[in-house]
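Fold and contact review
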2 protein chains.
Amino acid sequence: MRLSTKGRYGLKAMVDLAIHSQDKQIALRHIAERQDISEHYLEQLIAVLRKSGLVKSVRGAQGGYSLALPPDEITVGDILRALEGSLAPVACVDDEFAENCAEWDYCVTKFVWQKIRDKVNEVVDSITLQDLAEEHEKLNCDKEYMYYI
Amino acid sequence: MRLSTKGRYGLKAMVDLAIHSQDKQIALRHIAERQDISEHYLEQLIAVLRKSGLVKSVRGAQGGYSLALPPDEITVGDILRALEGSLAPVACVDDEFAENCAEWDYCVTKFVWQKIRDKVNEVVDSITLQDLAEEHEKLNCDKEYMYYI
DNA sequence: TGGAAAACCGAGTAATAAACTAGGAATTAA
DNA sequence: TTAATTCCTAGTTTATTACTCGGTTTTCCA
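Throughout what follows, the structure given in this document is the object of discussion.

Conventions used here
The numbers attached to residues start from 1 for each chain and follow its sequence in the written order. Here every chain gets a letter starting at A, and every ligand a number starting at 1, in the order they are written. Under the rules for a predicted model, residues below a pLDDT of 70 receive no local features and side-chain atom pairs below 80 are neither given nor counted, while totals for whole chains, interfaces and linings still include all residues. Side-chain calculation: all heavy atoms of the structure are included, whereas hydrogens and water are not. Put simply, a residue is near a molecule or strand once any heavy atom of it comes within 4 Å of that molecule or strand. Polar contact criterion, stated in full: a pair of N or O atoms within 3.5 Å, where within protein one must be able to donate a hydrogen and the other to accept it, and residues adjacent in sequence count only if both atoms are side-chain atoms. Secondary structure elements follow DSSP: runs of H or I of four or more residues count as helices, runs of E of two or more count as strands, with numbering from the N terminus. To obtain each axis, a line is fitted to C-alpha atoms, and for helices this fit is confined to the stretch in contact; angles are then taken between N-to-C directions over 0 to 180 degrees. Roughly parallel covers angles under 35 degrees, roughly antiparallel covers those over 145, roughly perpendicular covers 65 to 115, and oblique covers all other angles. Every residue pair with non-hydrogen atoms within 4.5 Å of one another is taken to be in contact. Following the grouping adopted for this structure description, the nonpolar residues are Ala, Val, Leu, Ile, Met, Phe, Trp, Tyr, Cys and Pro, the charged ones are Asp, Glu, Lys and Arg, and the polar ones are all others, Gly among them. Exposure is judged per residue with a 1.4 Å probe applied to protein chains only, and the accessible area is read against the type maximum: over 50% gives exposed, under 20% gives buried, and values in between give partly exposed. Summed over both partners, the accessible surface that disappears when two parts come together, traced with a 1.4 Å probe, is what is meant by buried area. Salt bridge, as used here, is a side-chain nitrogen of Lys or Arg placed within 4 Å of a carboxyl oxygen of Asp or Glu. In this scheme, strands are said to pair when DSSP sees at least two bridges between them. Least squares is the method used to superpose the copies, on C-alpha atoms of residues holding a pLDDT of at least 70 in both. Take the buried Ala, Val, Leu, Ile, Met, Phe, Trp, Tyr and Cys residues and link them wherever side-chain atoms come within 4.5 Å; each set so joined is a nonpolar core.

Here we come to the protein's contact with DNA strand C. Taken together, 26 residues form the shell around DNA strand C, and within it A:Gln44, B:Arg29, B:Glu43, B:Ser57 and B:Tyr65 come nearest. Sugar and phosphate atoms represent 63% of those atoms of DNA strand C found within 4 Å of the protein. In this structure, A:Ser38 approaches DNA strand C through a side-chain N or O atom, which is 3.1 Å from a phosphate oxygen. B:Arg50 places a polar side-chain atom, nitrogen or oxygen, 3.1 Å from a phosphate oxygen of DNA strand C. Every element with two or more residues in the surface near DNA strand C is listed here: α1 (5-20) and α3 (39-51) of chain A together with α2 (28-35), α3 (39-51), β1 (55-58) and β2 (64-67) of chain B. Examining the composition of the surface near DNA strand C, we find that four residues originate from one element, α3(B), more than from any other.

Residue and element names in this part refer to chain A. Orientation of α1 relative to helix α6 (residues 129-140), taken along the N-to-C sense of each, is 75°, at an axis distance of 9 Å. By the criterion of interaxial angle, the relationship of α1 to α6 is roughly perpendicular. In contact with Leu11, Met14, Val15, Ala18 and Ile19 of α1, α6 contributes Leu129, Leu132, Ala133 and His136. Across the contact of α1 with α6, the residue classes break down as eight nonpolar, one polar and no charged.

Now for the environment of A:Lys119. Locating A:Lys119 in the fold gives a position in helix α5 (residues 109-125). The class of A:Lys119 is partly exposed, set by a relative accessible area of 27%. The contact partners of A:Lys119, leaving out residues within four places of it in the chain, are B:Lys119 and B:Val123.

Turning our attention to the interface of chain A and chain B. Each side of the interface is counted separately: chain A has 41 residues, and chain B has 41 residues. Approximately 3,900 Å² of surface area, both sides summed, lies buried where chain A meets chain B, with 73% of it carried by carbon and sulfur atoms. Together, A:Met1, A:Arg2 and A:Tyr106 form the three largest contributors to the area buried by chain A at its contact with chain B, with a combined 21%. Summed over the shared surface of chain A and chain B, the number is two salt bridges. In this structure, A:Arg2 and B:Asp94 form a salt bridge, with 2.6 Å as the shortest nitrogen-oxygen distance. Here chain A is connected to chain B by six residue pairs in polar contact (both at pLDDT 80 or more). Mapped by element, the contributors of at least two residues to the side of chain A that touches chain B are α1, α4 (76-84), α5 and α6 of chain A. When the residues that make up the side of chain A that touches chain B are grouped by side-chain class, the tally is 26 nonpolar, four polar and eleven charged.

In this section: the protein's contact with DNA strand D. Taken together, 26 residues are adjacent to DNA strand D, and A:Arg29, A:Glu43, A:Ser57, B:Ser38 and B:Gln44 come closest. A distance of 2.6 Å separates a base nitrogen of DNA strand D from a polar side-chain atom of A:Glu43. Here a base nitrogen of DNA strand D and a backbone polar atom of A:Ala61 are 3.3 Å apart. Those elements giving two or more residues to the surface near DNA strand D turn out to be α2 (28-35), α3, β1 (55-58) and β2 (64-67) of chain A together with α1 (5-20) and α3 of chain B.

Right, let's talk about the pairing of β1(B) for a bit. On a regular strand, one side chain projects to one face of the sheet and the next to the other, so that they alternate. Residue and element names in this part refer to chain B. Examined bridge by bridge, β1 and β2 share four bridges and lie antiparallel to one another. When the bridges of β2 are listed, valine 58 appears paired with glycine 64. Following β1, the chain reverses through five residues before pairing antiparallel with β2; glycine 60 in that reversal takes a positive phi of roughly 80°.

This part is about the relation of the copies chain A and chain B. Once turned by 180° and shifted 0.0 Å along the axis, chain A lies on chain B with an RMSD of 0.0 Å. Each copy turns onto its partner about a two-fold axis. For chain A, the smallest separation between a C-alpha atom and the rotation axis is recorded for A:Met1, amounting to 2.7 Å.

With that settled, consider the nonpolar core. Grouped burial of nonpolar side chains is what soluble globular proteins tend to show. By size, the foremost hydrophobic cluster in this structure holds 85 residues, and its most contacted members are A:Met14, B:Met14 and B:Trp113. Residues in contact with B:Met14, not counting those within four places in the same chain, are B:Leu49, B:Leu54, B:Val55, B:Leu67, B:Ile74, B:Ile79 and B:Leu129.

Before going further, it helps to examine the pattern of salt bridges. As enumerated under the stated definition, the model contains twelve salt bridges over all chains in all. One salt bridge connects A:Asp118 with A:Arg117, and the closest N-O pair in it is separated by 3.0 Å.

Structure, rendered in structure tokens:
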């Protein structure tokens, strides 16, 4: 039950933005370099985040990306769900695309999947980019360049 | 972050066993038919469960499978981890195969992954086959044949 | 005692998804 | 005008999933 690189890279990129972009925008190239992610691939991920209203962009030379909202208003859940889709462990308990399963009424494994889904959402919705940026500050306060996320 | 069919089919098969096998063993063919799973595929999954000590088998004609332990001593976590491996959302917080990540000390996203891992394990370790068999009883008490899991 | 019913085993394969790569068009600051 | 950047679509490679296939071995039972 692993997250794909979309979720992992996407969250790293967003924490990077939370740390490095206050007011100003950051070129994707810099994020990709700092986080060691293929620039072209990250481009596709950040396009999704932009369409989800989590980042905004400035085009042209000296352009770049920044958070579309204050970091304490963006949760890890917003980011992961934008990139990974629902965090439900099986499709039948997916909030959006709940497949109409013929056995639903008599199925007991659904109770397990629902609990997993709810707990995962509880965790990711309770952590904001602000929280992670603060943790980062604690861990890396002695470093001139704060590369690692 | 979906579970594969291994975990889903495996749990269904184990609940089926919890319900249908008391003392006696059940042929894989019956489980596969009831749960609508390819028999050959399920064979591979149950082999893993057997090697993990969760089911036992009787070979030869009239042979079959049964739980290796009382249903209240087998948790959903035992089953899912046997079939899916660690339930950690990313490899770096995998209890067993924790990759030695160079950035570990400065990484903040690990806090998210650890919390998800812990909550998921908490859920699956708190539910036993006994619990699910009882839920099944409630849902299907009026049915002569209790197919659906 | 022979046949059928079962578990056991290892290899192969088709389909799907993940993780990128490639190549350019549009936009804009300097 | 040029260089730096975002934006867009499509293609490609790799890995994983979800099986299938073809047996061998074991054991009950008529």
